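The lines below spell out each chain.
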Amino acid sequence: MRRHHPSEIRPSEITPEAVYRERRRFLGLAAAAGGALLLPPALQATPRRFGPLPRSPLSTNEPVNSYKDITTYNNFYELGTGKDDPARNAGRLKTAPWSVAIDGEVERPGTYALEDLLKPHALEERIYRLRCVEAWSMVIPWVGFPLGDLLKRFQPTSRAKYVAFTTLHDPENLPGQRRSVLQWPYVEGLRMDEAMHPLTILAVGLYGEVLPGQNGAPLRLVVPWKYGFKSIKSIVRISLTEQMPPTAWNRAAPQEYGFYANVNPAVDHPRWSQKRERRIGEFLKRETLPFNGYAAQVASLYSGMDLTRWY
Amino acid sequence: MVLSERWLKRSVFLLCLAPLGWLLAQALLGGLGANPIEAIIRFLGDWALRLLLLTLAATPLRLLTGWTWPVRLRRLLGLFSFGYAVLHLLVYTALDQFFAWAAIWEDIVERPFITTGMLAWLLLLPLALSSNHASMRRLGRRWKQLHRLIYPAAVLAVIHFTLMVKADLREPLLYGAILTGLLGLRFIRR
């Protein structure tokens, strides 16, 4: 695999883009942190920032979207179907304590506290393009680690062909789950080779901070060459399966959303042309790239497949 | 009486401009969110549909209450509805698609939600053009027949909204229920 395609992935710049673009916000955070020092320890919030993070060479060097855009324009129907609903309702998502069940075709199934699940993994910054099926896109500085590293720890059996993910089901607190807009809980899935691909990560943060609720706290999937709905949020269960697992949007509208959902300008969605996209913050639409610009890394996973049929 | 009617129309005229003013204020204050073009298109479409339903409310209101003033506001409301629909289409063409005519044509032909929206707009166009007294006189009885096109236009507009929505159908179905009610109420007189 060519990991360092020159036109796509370049070494990080001297000043991290995130710091540069968000410098005013960081000043505000620094001031807030100073204020927090005056509070008694019991009233201090848990630290929301991660320490210095290495930037993965798999990051793009395109300009990142603002923290505000990334955290106020979300599709997370559990917290409401409007784009600004998730940010407004994020407080309803209780992320501590949080545990994740790992089961199915693994040698070491079990339910693990999030802290224990994350402990062995070194976090890094991954700046990825995200392309929504609704024909808009962003560039997001995630904090995470490869999903494959986690799966290996639990030793998938030879029968593990797919990975199935499940979002928290908590209709008492999550307002969107009280109506059957989708069949709850939200489920997603990947083929084993997709799950083990180095580009596929589990994210726990963005912009160097703990993930906000509206972006899928405390643990979410990020698969940058697929439409955004594949990157399931607020994961409570990871199951390895022999059969292709059901996926939420495919169940809702199979003619519109396939299992693979690879970004593909050549296959239109019935409601939107997928040839172009609006990068949030830009005026003119840009051409959508096959596999969201990650074709050099992932196209070989699908060699011989008819991507018009397996959309 | 004449004076008060003039003031009623002036007030309604200003009220109909209020959403546009709000939109401009939000645009200037940066209050339209991360995807302002989408927000503008949705907002203009919402108001085109709301004003269309208000236009269709005049006759049922007269039948239920005997009031005649809603009917005298009908043309104003209808023209404002069309005005918002024109802006809706203009923003889609100019800001969203930036005059990419091939892409626009593909949308119209291949995406049912754009097809229905475009048809609704085309049905409203002759109504707006013939909304003056001269046309009423010239067309005579055919004017009324022509203006019945508002019914299919409103149905298409609601379908346009319904087909656009991915999963949460509450809003378009609410408009659909209101439209059904407004059309149904027309039969109560007989």
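Small disclaimer: the values here were computed from a predicted structure and weren't measured.

Some points on the overall build of chain B
- Scanning chain B from N- to C-terminus turns up ten helices and zero strands.
- Each helix and strand of chain B, ordered N terminal to C terminal, gives the series α-α-α-α-α-α-α-α-α-α.
- Relative to its length of 190 residues, chain B is compact, with a C-alpha radius of gyration of 18 Å against a globular reference of 16 Å.
- C-alpha atoms of chain B, sized along the principal axes, occupy 50 × 35 × 35 Å.
- Among the 190 residues that make up chain B, the fraction classed as buried is 43%.
- Looking at chain B alone, contacts between residues at least 24 apart form 67% of all its contacts between residues at least 6 apart.
- About 10,800 Å² of surface is accessible on chain B, with carbon and sulfur atoms providing 72% of the total.
- Side chains of chain B carry 21 positive and 9 negative charges; the gap between the two charge centres is 22 Å.

Focus on the confidence of the model for chain A
Residues and elements named next belong to chain A.
- Scored by pLDDT, chain A has a mean of 89; 85% of the residues are at 70 or more.
- In the model, residues 1-20 has pLDDT below 50 throughout and makes 33 contacts with residues more than four positions away in sequence or in other chains.
- Scored below 50 in pLDDT, residues 23-45 makes eleven contacts in the model with residues more than four places away or belonging to other chains.

Quick word on the interface of chain B and chain A
- Taken together, the 23 residues of chain B in the interface contact 27 residues of chain A.
- Contact between chain B and chain A buries roughly 2,000 Å² in total, counting both sides, with carbon and sulfur atoms accounting for 48%.
- When the buried surface of chain B facing chain A is broken down by residue, Ala-34, Arg-111 and Lys-166 of chain B rank first, second and third, together holding 34% of it.
- Seen at the junction of chain B and chain A, the total is six salt bridges.
- Linking Arg-179 of chain A and Asp-168 of chain B is a salt bridge whose minimum nitrogen-to-oxygen distance equals 2.9 Å.
- Those elements that place two or more of their residues in the side of chain B that touches chain A are helix H2 (36-65), helix H4 (74-96), helix H5 (101-110), helix H6 (112-129) and helix H9 (150-164) of chain B.
- Counted by class, the side of chain B that touches chain A contains 13 nonpolar, two polar and eight charged residues.

Remarks on the pattern of salt bridges
- Enumeration according to the criterion identifies 36 salt bridges over all chains in this entry.
- For Asp-193 of chain A, the salt bridge is made with Arg-191 of chain A, and the minimal N-O distance between the two is 2.8 Å.
- For Asp-193 of chain A, a relative accessible area of 32% gives the class partly exposed.
- Here Arg-191 of chain A falls in the buried class, since its relative accessible area comes to 15%.
- Note that Asp-268 of chain A and Arg-111 of chain B form a salt bridge whose closest N and O atoms lie 3.5 Å from each other. Linking Asp-268 of chain A in the loop between helix H8 (248-252) and strand S11 (276-279) with Arg-111 of chain B in the loop between H5 and H6, this pair reaches from one chain into another.
- On the basis of relative accessible area, Asp-268 of chain A is assigned to the partly exposed category, the value being 26%.
- If you follow the salt bridges from partner to partner, you end up with Glu-62, Arg-129, Arg-131, Glu-277, Arg-279, Glu-282 and Arg-286 of chain A in one network.

Examining the packing of H5 of chain B against H6 of chain B
Residue and element names in this part refer to chain B.
- Orientation of H5 relative to H6, taken along the N-to-C sense of each, is 95°, at an axis distance of 5 Å. On the basis of the axis angle, H5 is roughly perpendicular to H6. Along its contact with H5, which presents Asp-107, Ile-108, Val-109 and Glu-110, the element H6 presents Pro-112, Ile-114, Thr-115 and Met-118.
- Grouping the amino acids of the contact of H5 with H6 by side-chain chemistry returns five nonpolar, one polar and two charged.

As for the sheet that holds strand S6 (residues 187-191) of chain A
All names here are of chain A.
- In spatial order, the strands read S2-S1-S10-S5-S6; together these five strands make up an open sheet with mixed pairing. The strands lining the two open edges of the sheet, one partner per strand, are strand S2 (110-113) and S6. Across the sheet, the mean angle separating the axes of adjacent strands is 20° when strand polarity is ignored.
- Pairing of strand S5 (residues 162-167) with S6 involves five bridges; the strand directions are antiparallel.

Some remarks on a nonpolar patch on the surface
- Judged by side-chain polarity, Phe-283 and Leu-284 of chain A together with Leu-95, Phe-98, Phe-99 and Trp-101 of chain B come together as a nonpolar surface patch covering roughly 600 Å² of accessible area.
- Relative to the elements of secondary structure, Phe-99 of chain B occurs in the loop between H4 and H5.

Calculation rules
- Residues numbered from 1 in each chain as written.
- Chains lettered and ligands numbered in written order.
- Predicted model: local features only at pLDDT ≥ 70, side-chain atom pairs only at ≥ 80, totals over all residues.
- Heavy atoms only, no water.
- Helix = DSSP H or I, 4+ residues; strand = E, 2+ residues; numbered from the N terminus.
- Rg over C-alpha atoms; globule rule 2.2 N^0.38 Å.
- Buried < 20%, exposed > 50% of the residue type's maximum accessible area, 1.4 Å probe, protein only.
- Contact = heavy atoms within 4.5 Å.
- Areas by Shrake-Rupley, 256 points an atom, 1.4 Å probe, with all protein chains shown as cover.
- Lys, Arg positive; Asp, Glu negative; His and termini not counted.
- Charge placed at Lys NZ, Arg CZ, Asp CG, Glu CD.
- pLDDT = per-residue confidence, 0-100.
- Buried area = accessible area lost by both parts, 1.4 Å probe.
- Salt bridge = Lys/Arg side-chain N within 4 Å of Asp/Glu carboxyl O.
- Nonpolar A, V, L, I, M, F, W, Y, C, P; charged D, E, K, R; others polar.
- Axes fitted to C-alpha atoms, helices over the stretch in contact; angles between N-to-C directions.
- Parallel < 35°, antiparallel > 145°, perpendicular 65-115°, else oblique.
- Pairing = 2+ DSSP bridges.
- Patch = residues over 30% accessible without salt bridge, like charges linked within 9 Å, V, L, I, M, F, W, Y side chains within 5 Å.

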